Amino acid sequence: MHEYSVVQALLNQCEEIAVQNEAEKVTKVVCKIGMMSGIETHLLQVAFDTFKEGTMCEGAEFVINKQKLKLECRECGHVFETDEVRYYCTKCESLTVKVLDGEDMYLMSLEME
């Protein structure tokens, strides 16, 4: 379950940012997680709730924004989003598509006091 190591890295990043901004605690953590990131969001939530104890994020709300798979067709230029794992154009059905978003996890924002 790699979600635990992901959360440890996330908590470390949050604490570094909080210290840089002279904050005493983090009250909200917002992440964007792509559907093809390989991260199970419910396991990430459990890991965050477990490992935030004793950190600057102890009382923080954890918000997960799920990112659909965003693709661009290299044949017709059509840009589209899908919540299915499909690598073909919904307009011309070409198989030559480029992934634009939906494969990564990003820390989008922190609220701190």
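Just so you know, these numbers come straight off a predicted model, no measurement behind them.

### Some thoughts on the pattern of salt bridges
As enumerated under the stated definition, the model contains 5 salt bridges in all. For Lys52, the salt bridge is made with Asp49, and the minimal N-O distance between the two is 3.9 Å. Assessed through its relative accessible area of 11%, Lys52 is described here as buried. A salt bridge links Glu84 to Arg86; the nearest nitrogen and oxygen atoms lie 3.0 Å apart. With a relative accessible area of 43%, Glu84 lands in the partly exposed category.

### Here's the deal with the UniProt feature "binding site: Zn(2+)" (unreviewed entry) in the protein chain
What UniProt calls "binding site: Zn(2+)" (unreviewed entry) maps, in this numbering, to Cys73, Cys76, Cys89 and Cys92. Their sequence span is 20 residues, while the largest C-alpha to C-alpha distance among them is just 8.6 Å; these annotated residues converge on one region. For Cys76, the position within the fold is in the loop between strand 3 (69–73) and strand 4 (79–82). Note on Cys89: relative accessible area 0%, which makes it buried. Aside from chain neighbours lying at most four places away, what touches Cys89 is Cys73, Cys76, His78, Phe80, Ser94 and Val97.

About the thresholds
- Residues numbered from 1 in each chain as written.
- Predicted model: local features only at pLDDT ≥ 70, side-chain atom pairs only at ≥ 80, totals over all residues.
- Heavy atoms only, no water.
- Salt bridge = Lys/Arg side-chain N within 4 Å of Asp/Glu carboxyl O.
- Buried < 20%, exposed > 50% of the residue type's maximum accessible area, 1.4 Å probe, protein only.
- UniProt positions renumbered as here; feature names shortened; annotations may be inferred.
- Helix = DSSP H or I, 4+ residues; strand = E, 2+ residues; numbered from the N terminus.
- Contact = heavy atoms within 4.5 Å.

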